Amino acid sequence: MNTSNPAIEINHLTYAYSKADAVQDLSLSVARGKCYGLFGRNGAGKTTTMKCLLNLLRPRAGRVRVFGLDPNQREVEVKRKLAYVPDAVAFYPWMTVRETLDYLASFRAHWNRDIERDLLHRFRLNAAQKTGALSKGQKTQVALTAAICPEPELLLLDEPTSGLDPIVRREFIETVIGAYQESDPGNRTIFVSTHLITEFEGLIDEFTVMDAGRAVLTLGADQARERYQKIRARFANPAPTVEFKGAMHTRRDGRELELIANGEGPQIVEQLKLLAPESLTSEALTLEEVFVATLK
Amino acid sequence: MTVGDVMMLQVNFKSGKPVYLQVVDQIKSAAASGALQSGESLPSIRPLAEELRVNRNTIAKAYAELESQGVIETLPGKGCFLKANHSPLKKDARRKMLIEEIDQAIVAAHHLQVPRGEFVDLVRERFDLLEEKQRAYDHAKSE
């Protein structure tokens, strides 16, 4: 098999449930070994995109490839290479955590017991507990453990942290991703969809923002933070009503001016300096702020 | 005591500087101040990535950059270590790199209206501070 194929390749994907397109002409490519974020509000088309990768939905137009393979033609091969954690996980409630993991392991050719032990320990999960008695966060932890133990080449996470409390969210996502990427990091790819971007801030290498089924922005995380800046200036008198070229958003509040710059931050800062503000600061937008600014 | 305890790396997503470069610069300043001494090992990638809440690719990229700059070396199976005499570059080349940085600082000083004398005093002050830190670490080592 050609090992230079990207982990995921989506070309002009379109899918419609009824008349309205859920995904419209979406193209993106995820290189192996990367952590790729698919950001969008609820209903933006993230889950539909995931389901097309899993052959749970058939594209109306365009094509998807996973490691160069068509999920429709080569479903078994594709599924052997990946693990998927949906946004709502369900287990047989009468099984214990131990039985659930053994049951899921029975479908896999490979299962890393060391990773399983490590994660059960870190999450303080009781293997003897029935899954029906687990909290939502604990169920997600079991699902993530089960996704990582087979050491798949691709991990698809659909809103893995939605509905969880903030402490749990912050705690486990980097633990899971750290454990997953520990061995053979060059061949451990993560494709994660979320609208809770802050907790993935440091983990994302590259991302696509989706809105109403379309990709509106695709960028590397570092480039995004370099390109998008929030510039604040305070003046002695009411803030001047000047046009700033390259400002995506401008907010005036009395003597204060706040601008969001897209790539032209330095020019805007120079322009502001000429207006002799009392103070002038600029900082990078976080990925969540980039997301919000893009959709405004 | 592990290196991670002393170095206290942190990343700031709002600085606009690529995260891996933040890690590179912080390890270089830890090496300059003596917080990290030659022959000492750097934290391994996974715990550091988890602590900083960043992708391991970011840490791996930072370590690769430090290695190409000759600051650290990787011993297979043992991890990354700070090199003793860490620049592989000739003196001329090292001076040239420093001059570029100094020029940038001078330009910044001009725009921030910090005059020449004050700038030079500041440089002296910062050197003193660094040497003080080095002495503190040496002292802590000898105890």
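Values in this document were obtained by computation on a predicted structure and should not be read as measured data.

K.L.:
Can you walk me through the overall build of chain A in this structure?
P.N.:
Scanning chain A from N- to C-terminus turns up nine helices and 13 strands. For the C-alpha atoms alone, the extent of chain A along its principal axes is close to 70 × 45 × 35 Å. The proportion of buried residues among the 296 residues of chain A is 51%. Residue pairs in contact within chain A that sit at least 24 positions apart in sequence constitute 69% of those at least 6 positions apart. Within the structure as shown, chain A displays about 13600 Å² of accessible surface, and the carbon and sulfur contribution to it stands at 48%. Charged side chains in chain A number 38 positive and 38 negative. The centres of these two groups are separated by 4 Å.

K.L.:
Honestly, the pairing of strand 6 (residues 154-158) of chain A in this entry has me stumped. Any pointers?
P.N.:
In regular strands, side chains alternate between the two faces of the sheet. Residue and element names in this part refer to chain A. Most of strand 6 is tucked away, with five of its five residues classed as buried. Where burial is concerned, the two faces of strand 6 agree: the one with Leu154, Leu156 and Asp158 and the one with Leu155 and Leu157 are both buried. Pairing of strand 5 (residues 82-85) with strand 6 involves four bridges; the strand directions are parallel. Residue Ala83 lies in a different strand from strand 6, and its bridge partner there is Leu155. Taken together, the five bridges between strand 6 and strand 7 (residues 189-194) define a ladder with parallel strand orientation. When the bridges of strand 7 are listed, Leu157 appears paired with Val192.

K.L.:
Looking at this structure, how should I read a nonpolar patch on the surface?
P.N.:
Residues Tyr92, Trp94, Tyr103 and Phe107 of chain A make up a contiguous nonpolar surface patch of roughly 490 Å² in combined accessible area. Along the chain, Phe107 of chain A turns up in the loop between helix 3 (97-105) and helix 4 (113-122).

K.L.:
Explain the environment of Phe244 of chain A here, please?
P.N.:
Residues and elements named next belong to chain A. Within the element layout of this structure, Phe244 appears in the loop between strand 10 (228-234) and strand 11 (247-253). Classification of Phe244 as buried rests on a relative accessible area of 6%. Spatially, the C-alpha atom of Phe244 lies 9.8 Å from that of Val269, the residues being 25 residues apart in sequence. The contact partners of Phe244, leaving out residues within four places of it in the chain, are Leu257, Leu259, Ile268, Gln271, Leu272 and Leu275.

K.L.:
Any chance you could explain the layout of surface pockets here in plain terms?
P.N.:
Summary: where empty space remains is shown by rolling a probe the size of a single water molecule over the atoms. Residue and element names in this part refer to chain A. What the second largest pocket holds in volume is close to 890 Å³. Every residue lining the second largest pocket is counted, 31 residues in all, and those nearest its centre are Leu82, Ala83, Tyr84, Leu104 and Arg108. Counting residues per element, the ones that place at least two in the lining of the second largest pocket are helix 2 (75-81), strand 5, helix 3 and helix 5 (136-148). Considering each element in turn, the lining of the second largest pocket owes the most residues, four residues, to strand 5. Tallied by class, the residues present in the lining of the second largest pocket amount to 23 nonpolar, two polar and six charged.

K.L.:
Can you help me understand the domain arrangement of chain A in this one?
P.N.:
Interface size, as often reported, equals the accessible area lost upon joining of the parts. Residues and elements named next belong to chain A. Segmentation of chain A into domains returns domain 1 (8-212) and domain 2 (224-295). Taking the mean C-alpha position of each, domain 1 and domain 2 sit 37 Å from one another. Facing the 12 residues of domain 1 at the interface are eight residues of domain 2. Taking both partners together, domain 1 and domain 2 bury about 900 Å²; carbon and sulfur atoms supply 69% of that area. Two residues, Arg225 and Glu201, come together in a salt bridge whose shortest N-O distance is 2.6 Å. Viewed at the interface, domain 2 and domain 1 are joined by three residue pairs in polar contact (both at pLDDT 80 or more). Secondary-structure elements contributing two or more residues to the side of domain 1 that touches domain 2 are strand 3 (35-40) and strand 8 (206-211). Sorting elements by how many residues they give to the side of domain 1 that touches domain 2 places strand 8 first, with four residues. Its residues assigned to classes, the side of domain 1 that touches domain 2 shows six nonpolar, three polar and three charged.

K.L.:
In this structure, what is going on with the nonpolar core? I would like to understand it.
P.N.:
Buried together is how nonpolar side chains tend to be arranged in soluble globular proteins. Residues and elements named next belong to chain A. The biggest cluster of nonpolar side chains holds 52 residues, and the ones touching the most others in it are Phe39, Leu155, Phe172, Ile190, Ile204, Phe207 and Leu287. Top contributing element to this core by residue count: helix 6 (residues 166-181), with seven residues. Three or more residues apiece are contributed to this core by two domains, here domain 1 (8-212) and domain 2 (224-295). Residues within four places of Ile190 in sequence aside, it is in contact with Lys34, Cys35, Tyr36, Leu155, Leu157, Ile177, Tyr180 and Gln181.

K.L.:
Explain the pairing of strand 9 (residues 214-220) of chain A to me, please; I cannot follow it from the model alone.
P.N.:
Residue and element names in this part refer to chain A. Note that strand 8 and strand 9 share six bridges and pair antiparallel. Looking at strand 9, one finds that Met210 is bridged to Ala215. Connecting strand 8 to the next strand, strand 9, in antiparallel fashion are two residues, including Ala212 with a positive phi near 45°.

K.L.:
I would appreciate a short explanation of the interface of chain B and chain A in the present structure.
P.N.:
Contacts between the two partners involve 15 residues from chain B and, on the opposite side, 25 residues from chain A. Interface area for chain B against chain A, summed over the two sides, is near 1900 Å², with a carbon-plus-sulfur share of 43%. Ranking the residues of chain B by area buried against chain A places Lys14, Arg46 and Arg53 of chain B at the top, with a combined share of 38%. Counting the contacts that link chain B with chain A gives four salt bridges. Asp118 of chain A is the salt-bridge partner of Arg46 of chain B, the closest N and O atoms lying 3.4 Å from each other. Counting across the interface, chain B meets chain A through 11 residue pairs in polar contact (both at pLDDT 80 or more). Here the side of chain B that touches chain A takes three residues from helix 4 (residues 56-68) of chain B, the largest share from any one element.

K.L.:
So what exactly am I meant to see when it comes to the sheet that holds strand 13 (residues 279-284) of chain A here?
P.N.:
Strands in a sheet are paired, the pairing made by backbone hydrogen bonds, and the direction either parallel or antiparallel. Residues and elements named next belong to chain A. Taken in spatial order, the four strands of this open sheet run 11-12-10-13, and their pairing is antiparallel. For this open sheet the edge positions go to strand 11 and strand 13, each flanked by a neighbour on one side alone. Each strand of the sheet is rotated relative to its neighbour by a mean of 15°, with strand direction disregarded. Helix-sheet contacts for helix 9 (residues 287-295) involve strand 10, strand 11, strand 12 (256-262) and strand 13, and the interaxial angle to strand 11 is about 95°.

The rules we used
Residues numbered from 1 in each chain as written. Chains lettered and ligands numbered in written order. Predicted model: local features only at pLDDT ≥ 70, side-chain atom pairs only at ≥ 80, totals over all residues. Heavy atoms only, no water. Helix = DSSP H or I, 4+ residues; strand = E, 2+ residues; numbered from the N terminus. Buried < 20%, exposed > 50% of the residue type's maximum accessible area, 1.4 Å probe, protein only. Contact = heavy atoms within 4.5 Å. Areas by Shrake-Rupley, 256 points an atom, 1.4 Å probe, with all protein chains shown as cover. Lys, Arg positive; Asp, Glu negative; His and termini not counted. Charge placed at Lys NZ, Arg CZ, Asp CG, Glu CD. Pairing = 2+ DSSP bridges. Patch = residues over 30% accessible without salt bridge, like charges linked within 9 Å, V, L, I, M, F, W, Y side chains within 5 Å. Salt bridge = Lys/Arg side-chain N within 4 Å of Asp/Glu carboxyl O. 1 Å grid on protein atoms, 1.4 Å probe; cavity = no way out; pocket = protein on both sides within 12 Å on 5 of 7 lines; lining within 4 Å. Points joined across faces, edges and corners; volume = space filled by probe spheres on them. Nonpolar A, V, L, I, M, F, W, Y, C, P; charged D, E, K, R; others polar. Domains from an automatic or database assignment. Buried area = accessible area lost by both parts, 1.4 Å probe. Polar contact = N/O pair within 3.5 Å; in protein donor to acceptor, adjacent residues only side chain to side chain. Core = buried A, V, L, I, M, F, W, Y, C linked by side-chain atoms within 4.5 Å. Axes fitted to C-alpha atoms, helices over the stretch in contact; angles between N-to-C directions.

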